Amino acid sequence: MSELKVKHLLVSAILLCCTVLDVSQSASRIRVGKDGGYSNIVIKISQHIKSTHCRDIIQNIQAVLRESSVHLNSRHNGAVYFQSFVLVAPDAWNPAECGFSLTDLTPEMAYRTADVVVDVADPIHGGAPFVEHSTGCGAQADFIYLPTSYLAAMDNASLYSEHFVQLWSQFRYGTFPETTFPGDPLYPNLFHADNVTSHVMPTKQLVLCDGKSAAQIISSHADFFGIRTDNEPMRAIVPEFMFVKEPKVKYVLAIETTASMEEGEHWKWVNKAAQKLIRYDLPTSSELAVISFNNATRVEHPLVAMTDDGIRAKVADTIPGKYHLSSHNKRCVVCALQTMVLSVLSGSTLGTHLILITRAGSDSLSLTDEKIIAEYVKNYGIRISTIMIPTENHLPFYDDISQISGGYSFLVRRSAFPMDTYVSILDSMESILKQDSSMATVRTTIHSNDHYTDGESNVTTGVFNLDPSLRNPILGVYVEDTEEHLIKSVTLQDEEGIVYGPYSKLSTTFDIINFKTVNMVGESPLWNPNQSVWRYTIKWFHLPGDTRKSIVRVTSNGETSQADALMLKGWVSRRQAFKGYNPIEVFAKLMKGKSSVSDARVYATIELENNDGALITISKLDLNDDGLGDSDMQSGDGIYSAVLPEYSGPGRYTITVHAEDNDGKAYSVVPESGVGDAALSPIDCCGSFIDIPKHRRNKLNPFKRTALSSVVHLSTLPTVDIIPPSKIGDLVIELSPDNKTILAAWSSPGDDFAGESSVSKYRFVYSTNISHLLDPEAEPNVLLEMDKPTEFNSQLSQSLEFPLYNQDYFIGVYAFDTAGNRGRMSNIEHVFLPAPPTPATPDPIPRLGLPPSSSTDWMMIIAISSGLGALLVLCLFSIAYYFMSSMRGRPESPSPSSSTTKDDIPHSDHTDSSSCHSDRPASRQLDVKDLECQVTNLNQILGDHNRVTPVYWSASQLLSKLESYEQQNTSRERIQRYAYPPSNSVSCLETPRSPRSSGLDNASYDVEVMERVVATHSNMSHHQQHPSHQMPYLKKELAEDHQPQPAGAPRTPRPGGAGHSDQHKQPFQRNNFYRSSRMLPPRNYEEDSYQGFGTPLPPARPDRRIPDEFCVTVSSVSNTSDTDSLSDRIRSSNPLPKPRNITEV
């Protein structure tokens, strides 16, 4: 691609971003100033409004708009107001009679596109004003419609102004009514009770704007950015009114006459198309001038009105012939514009429509030329429509400047057949005239058919429909050669079977434009208004040699009246971005007079000219009037739309819309019969659809219409599927009879906002707040997600478990395509499940209501038996492990009868708790076997003959206690001194002992002392007597304890012996039964729990005084490392904690 073309594309892209993407029927030129003043608001009063009440209409419009400016300013806190309006009055209105003065129209003034339409009552809305809104949320609507009856009945300007400001918000800021519509599937009032106000309802505003309120949409609108009011409370906010009349259209036909125009005999067909335009197609009294240009510009004919056939013929004869073409290819398009403005129009350019026929090659304009042309369009208000003759590399600027100025651009396709080129130019001119004139005055194409001479059959047949609104239809054939047209005969047949013809004589009336018609005597049978369906048969002569193509056309000279005219209009716009790309949205509006046409079949055909110049035909795109809100906002308004889902590559896309009667289903709306208010009453609307009563539906005769939509240049295309599936609009939720489940039913939507592809997945969601379902950024609770590929319009149902009771819930469903694109939230259904009643008795075992089975359930029996068997094996294994652990050998405790001598066993002769100090290592634990050998009962000490005395106490230790006892004066004094405190516990305080002599080893002395102790016990009447059989055991123990040791054998010193002072002897307390004790710094005893294992203390015993000499203390082996016993050394490395000292009474 050349550098020059790249620069042209950049300029075109800039123009396209600014204006072309707003190619819609609402190409408004409203401006908002820095102070917030709206100007250039166009109010168009229909040409069909009579001037009978023109003064009242003008005065009421002014009164309402003045009040509206104040109300708008107050509603938006002084930010905006109405600064000026341009009122376009009908040509028939006399300014003096109607009470206004005309203002000179300037190019800066907007007048072509109406922002506010004043017309008669609408067939659907009656005498009520409304906003026609074809685009989505946040985009400017099409127009505000004010019926004349509404203005004539005004009696309160303030009330009307509030209503107008609401309409203005919907029109300018793209908002919708913040109300629900009873019975509407998309915007219903989910609660029928009037007192229910706690829930957000699915209003049209919230649903179409993804949960955002009108205030949120308005506050984010671009109009409010950059406004500076400077707190001027006294600024003028009274609007200015400028009354103008729409200027008449002045056509200027500018034809390129370079040598390249002769290529492919293109100039021949350009000349003939210009002849047809001037001689037959231009409306009566319209003005036309003709200029030609190459590198110089020539005025072929000045501006003149087409008042009669003579003037038409004179102007048509000024079209240059092929011999007037230049010998070079130099051209100056800017020169043609300068000549038109200065010489032809003399500066009076308003209403000018330039029809430019050119090659439009990439070298035809420089960047400077493009800027100059854009300035001419802006400063002089010129409309440009371009017809581009086939060439290589068309310059996109021609398309862009045409759409910017409000015109059309057409690319004549390259073809081997001349008739394709010729008819393509004719169709382009027909579309240009339709844009400026009413359908009542413009020739319309009704039917077209092709014939090739190389076919096996020399007969062409076809069927066409004529509705009564068409005027003077004509059947003819465009032929390459009027002398050798090859038409043998033409036969017609009406719907009743009556045959007309065959006609073999053809007329030469239109030979100058190569159009052959039947030469009939009298009136044509096609003009019979009672016959609508016609069939024709054309027979041809055989032509050897090269193939020729002829085109059969049925046309009319226009419509009988504006009220009956069937009008089709198309446009495009860019919709909101999907994954960063703004797809093309195609619109078409079908009207029958003032009424919309519903249930018609409307579709678009799309042709792509790629960068290589090749033409690619894309499949038809059906336009829908479903009102789901994806692309169509309301069903029944006559506006059909769809999103372009398929892009076959970068290039120039030409979009043409077509409309048909849909096999007789299409209908218009007739006004309500009657007079006065009855005729002005509106039909209930305007939610997602307009429900037209059957008696107001007017079935239309078969028809076909075609109109150019737009031309769009696309250079950047999406690389993946970005268009989501359509919205589900018929979701129905029903409760099961037992209120435990719900049943959802819906129709499968199509993918890509269309009705052909399928979806792959559905996701049901629910919430207690409708806003959570409407907000696309929210993540409502998922009820069910199901992968289920379905074709378009398949009927689906799904049972859903919904165990949520006694609260209002709202359920919706999303549709997903195979690319993961999620469609918009479906219509929302309300669900309320009452909680099931609480049973008075335990619920019975649920049964399925089936007859009992006669067969044995072996699977259940095997499962239960296996479980019981495993449990039994586990129990047996546990019991066996317990007995094996119990039978395991235990280490024997040292005893006098063992082979271990007394000297081999470390011991301590302390009788207090100092040997069980609390700071023993935490890892030391007592083995279970040691616990079994623990002395815990007095009978174990005194009454068991068969038990070997534990090693914890020796006879010498007992003698040391007795020796300490003898050192006291009397036992009475000792008992009185250490009497028990007045409590439930018994305190045995140990008397300090004097150090024993190390030479005390006389066993007889120990036995004697022991006998005295036993005697003392036997004499205590208030204590239980020890059995006499215990005495031998004690004597034996003392004897064994004091056996003589070998000389030189070491003896472990006792803590109470030499080297230990009395200050280390601490008393300890004993309770009435057993209590462990431990010494804590500073040498104080802290009573612990019962037996040291956290067991609660037993009940207190009666307070009895027990002498100290009857208290016997049993102590465990010391835990110090130097006194560990042999059993301690052979224990495991992680034994249980040792028990603490235990005292028995």
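Residues numbered from 1 in each chain as written. Predicted model: local features only at pLDDT ≥ 70, side-chain atom pairs only at ≥ 80, totals over all residues. Heavy atoms only, no water.

Colleague: Describe the sheet that holds strand β9 (residues 240-245), with residues and values.
Modeller: Strand order in the open sheet made by the six strands is β7-β8-β6-β3-β5-β9, with mixed pairing throughout. Two strands in the sheet have a free side with no partner beyond their single neighbour: β7 (130-132) and β9. Direction aside, the axes of adjacent strands within the sheet are offset by 25 degrees on average. Where strand β5 (residues 84-89) lies against β9, six bridges are found, and the strand directions are parallel. Considered in β9, the bridge of Val-88 is made with Val-244. On top of the sheet, helix α2 (residues 54-75) reaches β3 (41-45), β5, β6 (116-119) and β9; it is set at about 145 degrees to β9, its chief contact. Taken strand by strand, helix α5 (residues 157-173) contacts β3, β6, β7 and β8 (143-147), and its axis lies near 150 degrees from that of β8. (Pairing = 2+ DSSP bridges. Helix = DSSP H or I, 4+ residues; strand = E, 2+ residues; numbered from the N terminus. Axes fitted to C-alpha atoms, helices over the stretch in contact; angles between N-to-C directions. Contact = heavy atoms within 4.5 Å.)

Colleague: Could you give me a rundown of the nonpolar core, with the residues and numbers involved?
Modeller: Counting 43 residues, the largest nonpolar core has Tyr-38, Trp-93, Ile-144, Leu-146 and Trp-168 as its most contacted members. Those residues in contact with Leu-146, other than ones at most four positions away along the chain, are Val-116, Val-117, Val-118, Asp-119, Pro-129, Leu-151, Phe-164 and Leu-167. The next biggest cluster of nonpolar side chains, apart from the first, holds 42 residues, and it includes Tyr-251, Ala-274, Ile-432 and Val-442. (Core = buried A, V, L, I, M, F, W, Y, C linked by side-chain atoms within 4.5 Å. Buried < 20%, exposed > 50% of the residue type's maximum accessible area, 1.4 Å probe, protein only.)

Colleague: Describe the state of the cysteines, naming the residues involved and giving the relevant values.
Modeller: The bond known as a disulfide is covalent and runs between the sulfur atoms of two cysteines. Taken as a whole, this structure holds four disulfides when the rule is applied. Paired through a disulfide, Cys-332 and Cys-335 show a sulfur-sulfur distance of 2.1 Å. With the S-S bond torsion at 70 degrees, the cross-link from Cys-332 to Cys-335 turns out right-handed. Residue classification places Cys-332 among the buried positions, given a relative accessible area of 19%. For Cys-335, a relative accessible area of 25% translates into the label partly exposed. Through a disulfide, Cys-685 is tied to Cys-686; the S-S separation comes to 1.8 Å. Of the residues examined, Cys-685 reaches a relative accessible area of 26% and is grouped as partly exposed. (Disulfide = S-S within 2.5 Å.)

Colleague: Quick rundown of the pairing of strand β28 (residues 601-610)? Include the residues and the values.
Modeller: Sheet analysis places β28 next to strand β31 (residues 651-660), joined by 10 bridges and oriented antiparallel. Bridge pairing links Arg-601 to Glu-660 in β31. Taking the residues that link successive antiparallel strands as the turn, the β28-strand β29 (residues 615-623) hairpin has four residues, and the phi of Gly-613 there is positive, at about 90 degrees.

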